[in-house]
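Each chain is listed here by its residues.
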Amino acid sequence: MPKQPLLQFTGKSIYCAVADVHIDPWIPVGRAIITHAHSDHARWGSQHYLAHKDSEPILRLRLGQDINLQTVGYGEKFMINGVKFSLHPAGHIIGSAQVRVEYQGEVWVASGDYKLENDNFATPYEPVKCHVFITESTFGLPIYKWQPQQQVMSEIDHWWAQNRMEGKASVLMGYSLGKMQRILKNIQLQDTVLYAHGAIYTVNERLREAGFDLPELTLVTKETDRKLFRGALVLAPPSADGTTWIKKFAPYSVGYCSGWMALRGAKNRRAVDQGFVLSDHVDWPDLNRAVKETCAEKVFVTHGYTSIFSRWLNENGIEAAEVTTMYGNEDENEEEEVVQDAAVATASYEEHKQELDGEAKDNENRLER
Amino acid sequence: MKQFAELFMNLDRTNKTNAKVDLLKNYFLSATDDDKLWALTLFTGRRPSFKVNRTQVKEWAAGEAGIPMWLFQESYHSVGDLGETISLLLPRTSLGGSDKSLSEWFRYLGMLPGMTDEEKRDHIMQAWMQLSQHETFVFNKLLMGSFRIGVSQTLVVRALAEATETDSNVIAHRVMGQWDPQGTTFEQLILDKGENDNASRPYPFFLAYPIEGDVADLGEAQDWFAEWKWDGIRSQIIYRNKELFIWTRGEELSTEKFPELHFLSDVLPEGTVLDGEIVTYANGRPMPFNVLQTRIGRKNLSKKVLEEAPVAFLAYDLLEANGVDIRGLTQAQRRTQLEAIHASVPVQSHFNLSPLIAFTNWQQLRELHPQSRENIAEGFMIKRKASTYQVGRKKGDWWKWKIDPLSVDAVLIYAQKGSGRRAELFTDYTFAVWGDDGKLVPFAKAYSGLTDAEIGQVDYFIKRNVLEKFGPVRTVKPELVFEIGFEGINESSRHKSGIAVRFPRILRWRKDKKAEEADSLESLRDILSSYK
C-alpha cells in the first residue's frame, strides 16, 4: 500500500495526518497553523492556533482576544507528534508565513499567499528548499507582470499631489490589512493629517499598539469638518466604494490599489478615477522564480489559475497538479473584502433556493389537499 | 502617438459625456491637422485594413513572449481584448515610448500590405519594441482593432463643432459619406467653407425615440402622421450628377447590393435624396427580416437569392429635391413633394411609398397596433407633421411605438466570459428550452438585460456550478430561469432547435421559477405558427 502523503487536501484544510494538524482550516479543528491573518485563511472556532508572532495582534482582533494562540518566530523549529515544523517569511503581509513540514526526511512547504518583492513592512520572502511545494496562483497568467514597487508609489505620490493642487481629497482604496501598511511605508508622507475609514484605522491602531512603526491615522467621523478633507489623503477599504460614506469627501478622486487594475476591463468596471497596479501576490515571473528556487520535485497549485499554471509547469518539466481548495475556485479572490462579497452573494443565493424550495413545498401541499 | 495614446487612456477612464467631449475638443484644438484627420478616421470607423492576419499576429506575439499558443489563448480569454493581451504579454523593452506621431504610425502601417509575411512580422515587431505598454495597446488597435472606446460619432461631431466653432449639423454632414484620409486633408474635409462637391455624401439620419407612457400624451392626433415601422434596412437613396448611391444607416455605401433599385437612376429627377427602408418584398407586401438576412453580407448575389429575396424601397421622406436641401421644410411639406416624385415615376413594384395610416383619434391607433406583426412591422412610427428633418436621435418629433417582444422562460445552460468592461465576469449566456425528448435544447444567446448586481449574482452562481469546460465556454448546472424576449421568430435549419429568434435579450430573471417550469420547444413552435 502506498504511504499516505504528508499533507492532504481535504477540501476544508491542508491536513497533516501524522501530526493531526490543519493548516488554514475553514472548519473548527483541534490544532490549526495559520499562515496569515487574512480572513480567507484565518478562520474562527479552532481549539488551538499557532502562527507567527507578528500575526498575533490581528489574529486576536479578528478571531477574539481569548483564542488559544501560540506564536513562534521565523525559522524556529517545533515538533508535533514527531513531525518537525517551522515557519518562514512569505512576504505577503505582516506575520505571513510559509509552513515547512518535515517527516522522515521528506519536506513539504505550504506557502499560503506570498510575494517576493520587499515591501518594507512584512519580513521579506525567503525561498525554502523542499520536495513538495504548495503554491497559490492568484495571478498565474503571463499577462500579470508588476512594475517595481517604487514606480507605483511615485504614481500614487503624483496623483495625490495633483489632487492637492486641485483642492480635492484623494480617496485611496485597498485592503485594510497588508496593502494599506505597505502604502504607508512607501509613499512620501506629507506633513498633514492622514484620514482613514474605521476598518483601516482599527488595524493600524492595533499594529501600532503592538509596537510596529506606522504613522498615526485619524479616524473619519460624522463630526469631522468636511473642509479638512480638501487636499487630504483618505484611506478606505474597497467596500466603501459607492456608499454614502465616501460622498462626504466631495470633491474627491478615487484611487484603487489592486493587482486586478492591470486589466482595462477591471479598471473600467470599478469606474475608479485611477487604478494603481499593486498586489501582495506574486506576479507571473516571480511565481515561476519562486517555484524554481524551492527545487521541488512536485508542485501543488491552489487558488487562482490552478489548471493553467499546473499545465505550464508540467510542460516545463516540473510535475504539478491542481488542487481545489476553499480559497476560491475559478474566481479571482483577493483577500477579505472579496470573501465578504461572496458571503453576501451566497446568502442571497441561499435565500433564493429556500424560496424555491418553499414554493415547491407549497405546491406539494396544494396537491395533497 | 503619445498625445493620442493619452487621449485614448483618458477617454477610457471616464464615462461622463461632457468630460469625453472636453477631452476630444482639447485634442482637436492641439493636435496637428494630419493627426486630427487620422483620429477622425478612427473615431468614425474608417480605419483602413492593413492586410494582417490576426492568427499570425497572435503567433508572433506568443513567440516573442516565449509562451505556447494555448497559454496565449487563456490569457486572451481573461483579458478579453486581443490588442491589450498582446501589450501585456510582450517583454517590456521600452518604457519611454515612441516620438512618432499618429499619422507617422499610420504611414508606417501603410507599408504592410505590400510585404511578405516575414517582412510584416519584422515590421510589426520593430514597432512593438519602440512602444510602451499602453502605446502598444493603442498601436494594436490601429493595426487590427475594432475601435470601440465608448465614443459615439455624435460625441466626436460635437467636440469637433466646438473646436472649430462650426454648426454641428454641418460637421455631421461633412464627416459622412465616402472619404479616406489619404485622399483628403483635415482642411478640405472639415474647414472648407465652399460646398464640397461630393455627390455621394448622404445626410445624417434623423432617428426616433421610443415612445414613453401613453401615445395620447403626444397631444392632438391631427398633428401627427403614423406609418408602420418596417423591419428592414434604413437607407438613403441619392441621385446626383446622374449617379445613384445607396447608403445604409451603418454608413455603408451599399449600391451594389441592391440591383433591383438601380432602375431608379433612370427615373428619379436630378438632385434627389430619399429616406426610407429597404425590405424584402413580394406580392405587394414585405417579407420577414430573416429573408432579407439571407442576402445581407453576401458578396455575390446569385440568381436564386435575387429570386427568393427580392427587395423594394419603401420611401417615407424626401431630404433633397432638385439639388436643394429641404430638411428645413415641415414633414407634411416634404411628404407632399415625396408623393409628387413617386407619382411621376412610372409604376414600379420596387419603389413604393410607406403608406400613411389613416386615423382621426389615438384610440384607432391603439386598436390597430396589435396587428403590427401581421403586417410584418415592428409597430408604428409617429411623426409630427410640423417637424423639420433633424440630425441624430432627438426627442420630440419622431417617435417609435414598438410592439411588446415575444417571450419564453428559458434555462441558462452555457456561459462565457464577457469582454471589455466585463472581462473576467461570465456575462454571455446561452439559454435552452425543454425539447420533445425531455432534454434541454439551446435556442438563443443573450447578453443584455441584467443589472450589474444581478450579473454579479449570476456570475457567482456560474463559477460555483460549472459542469464542464470547453475552451472559454462553461456548461452550467441547469438551474437559473430567465424570461427571454425576442422580436421575431423563424424556422432555421442551422439551429439545433430548428428555430431562430431575432434580437433575443433577457427581460428578467425568473427567480420564482425552477428549471423544470421553463418553457418547451413546443411553446416556441406555437409562437412560430401564430406569426407565420
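Residues numbered from 1 in each chain as written. Chains lettered and ligands numbered in written order. Predicted model: local features only at pLDDT ≥ 70, side-chain atom pairs only at ≥ 80, totals over all residues.

Engineer: Could you clarify how one ought to interpret the overall build of chain B in this entry?
Structural biologist: In terms of helices and strands, chain B carries 19 helices and 23 strands. The C-alpha atoms of chain B give 26 Å as radius of gyration, which agrees with the globular expectation for 532 residues (24 Å, within 12%). Across its three principal directions, the C-alpha atoms of chain B cover 70 × 70 × 50 Å. Every one of the 532 residues in chain B was classed for burial, and the buried ones make up 38%. Within chain B, residue pairs in contact and separated by at least 24 positions form 71% of the contacts whose partners lie at least 6 positions apart. (Helix = DSSP H or I, 4+ residues; strand = E, 2+ residues; numbered from the N terminus. Rg over C-alpha atoms; globule rule 2.2 N^0.38 Å. Buried ≥ 20, exposed ≤ 12 C-beta atoms within 10 Å, placed from the backbone. Contact = placed C-beta atoms within 7 Å.)

Engineer: What should I look at first to understand the environment of alanine 282 of chain B in this one?
Structural biologist: Residue and element names in this part refer to chain B. Within the secondary structure, alanine 282 is located in strand β7 (residues 272–282). Under the C-beta neighbour-count criterion, alanine 282 is labelled partly exposed, with 15 such atoms within 10 Å. Residues alanine 282 and alanine 309, spaced 27 residues apart in sequence, show a C-alpha to C-alpha distance of 8.2 Å. Apart from residues no more than four positions distant in its own chain, alanine 282 is found in contact with Met287 and Pro310.

Engineer: Could you clarify how one ought to interpret the domain arrangement of chain A in this entry?
Structural biologist: Where the parts come together, the accessible area they lose is often given as the size of the interface. Residues and elements named next belong to chain A. Taken domain by domain, chain A comprises domain 1 (8–144 + 281–348) and domain 2 (149–276). Counting from both sides, the interface comprises 21 residues of domain 1 and, opposite them, 19 residues of domain 2. Per-element accounting of the side of domain 1 that touches domain 2 gives the leading share, four residues, to helix α9 (residues 335–368). Of the residues in the side of domain 1 that touches domain 2, the class split is nine nonpolar, five polar and seven charged. (Domains from an automatic or database assignment. Nonpolar A, V, L, I, M, F, W, Y, C, P; charged D, E, K, R; others polar.)

Engineer: Please clarify how the sheet that holds strand β2 (residues 14–16) of chain A should be interpreted in this entry.
Structural biologist: Hydrogen bonds between backbone atoms are what pair the strands of a sheet, whose relative direction is either parallel or antiparallel. Residue and element names in this part refer to chain A. Read from one edge of the open sheet, six strands run β1-β2-β3-β4-β5-β6, paired in mixed fashion. Where the open sheet ends on each side, the last strands, each with one partner, are β1 (8–9) and β6 (69–72). The pairing of β2 with strand β3 (residues 21–23) spans three bridges and is classified as antiparallel. Within the sheet, the bridge partner assigned to cysteine 16 lies in β3 and is valine 21. Against the sheet, helix α1 (residues 56–63) touches β5 (48–52) and β6, its axis set at about 160 degrees to β6. (Pairing = 2+ DSSP bridges. Axes fitted to C-alpha atoms, helices over the stretch in contact; angles between N-to-C directions.)

Engineer: Looking at this structure, how should I read helix α2 (residues 149–165) of chain A?
Structural biologist: Because an α-helix completes one turn every 3.6 residues, residues spaced three or four positions apart along the sequence face the same direction. Residue and element names in this part refer to chain A. Helix length check: α2, at 17 residues, gives a terminal C-alpha distance of 25 Å against a target of 24 Å (1.5 Å per residue), a fit within 8%. Considered for burial, the residues of α2 that qualify are Val152, Met153, Ile156, Trp160 and Asn163. Seen end-on, α2 carries its buried residues on one side only, within an arc spanning 100 degrees. Seen from the buried face of α2, the exposed residues on the opposite side, beyond 90 degrees, are Gln150, Gln151, His158 and Met165. (Expected span 1.5 Å × (residues − 1). Arc of directions from axis to C-beta.)

Engineer: Sorry if this is basic, but what is going on with the sheet that holds strand β12 (residues 377–384) of chain B here?
Structural biologist: Strands sit in the order β2-β14-β12-β3 (chain B) across an open sheet of four strands; the sheet is mixed. Every other strand in the sheet has two partners, leaving β2 (209–210) and β3 (224–230) of chain B as the edge strands with one partner each.

Engineer: Honestly, unusual backbone geometry in this entry has me stumped. Any pointers?
Structural biologist: Across the chain, the bulk of peptide bonds are trans and the bulk of non-glycine residues have phi less than zero. With omega at -5 degrees, the peptide bond leading from alanine 250 of chain A into proline 251 of chain A counts as cis. As for its position among the elements, proline 251 of chain A is in the loop between α5 (244–247) and β16 (252–257). Of note in this structure, glutamine 104 of chain A is not a glycine but carries a positive phi near 50 degrees. Looking at the element boundaries, glutamine 104 of chain A is found in the loop between β9 (97–103) and β10 (106–110). Even without being a glycine, asparagine 241 of chain B presents a positive backbone phi close to 50 degrees. Checked against the element boundaries, asparagine 241 of chain B lands in the loop between β4 (233–240) and β5 (243–248).

Engineer: Hey, could you run me through the packing of helix α3 (residues 33–43) of chain B against helix α7 (residues 102–110) of chain B in this one?
Structural biologist: Two numbers describe a pair of packed helices, the interaxial angle and the distance between the axes. Viewed as axis vectors pointing N to C, α3 of chain B and α7 of chain B meet at an angle of 65 degrees, and their least axial separation amounts to 8 Å. Contact with α3 of chain B, carried on its side by Asp34, Asp35, Trp38 and Ala39 of chain B, involves Leu102, Ser103 and Phe106 of chain B of α7 of chain B and no other residues of that element.

Engineer: Is there a simple way to think about the nonpolar core in this case?
Structural biologist: Among the nonpolar cores identified, the biggest contains 200 residues, and Val99, Leu172, Val234 and Leu235 of chain A together with Ala39 of chain B are the most heavily contacted of them. Residue contributions to this core peak at eight residues, all from strand β9 (residues 311–321) of chain B. Setting aside chain neighbours within four positions, we find valine 234 of chain A in contact with Ala169, Ser170, Val171, Leu172, Tyr195, Val220, Phe229 and Phe249 of chain A. Counting residues in hydrophobic clusters, the runner-up holds 37 residues, among them Leu406, Val441, Phe486 and Ile506 of chain B. (Core = buried A, V, L, I, M, F, W, Y, C linked by C-beta atoms within 7 Å.)

Engineer: Just to check I follow, could you spell out the pairing of strand β19 (residues 473–476) of chain B for this structure?
Structural biologist: Consecutive side chains of a regular strand alternate in pointing toward one face of the sheet and then the other. All names here are of chain B. Taking every second residue as pointing to the same face, the buried face of β19 carries Arg474 and Val476, while none of Val473 and Thr475 on the other face is buried. Note that strand β18 (residues 466–470) and β19 share four bridges and pair antiparallel. Its bridge partner being in β19, glutamate 468 is matched across the sheet by threonine 475.

Engineer: Quick question: what am I supposed to make of the domain arrangement of chain B here?
Structural biologist: All names here are of chain B. Each assigned domain of chain B is listed here: domain 1 (2–144), domain 2 (206–402) and domain 3 (406–530). Computed over C-alpha atoms, the centres of domain 2 and domain 3 are 34 Å apart. Of the residues lining the interface, four residues belong to domain 2; the matching set on domain 3 comes to five residues. Here the residues of the side of domain 2 that touches domain 3 sort into two nonpolar, one polar and one charged.

Engineer: Help me understand the confidence of the model for chain B, please; the structure alone is not making it clear to me.
Structural biologist: When pLDDT is low, close inspection of the predicted coordinates is not appropriate. All names here are of chain B. Confidence along chain B averages 87 in pLDDT terms, with 95% of residues attaining 70 or more. The secondary structure element of chain B with the lowest average pLDDT is strand β6 (residues 252–253), at 74, and the one with the highest is β9, at 96. Among the scores for the predicted complex, ipTM is 0.86 and pTM is 0.72. (pLDDT = per-residue confidence, 0-100.)

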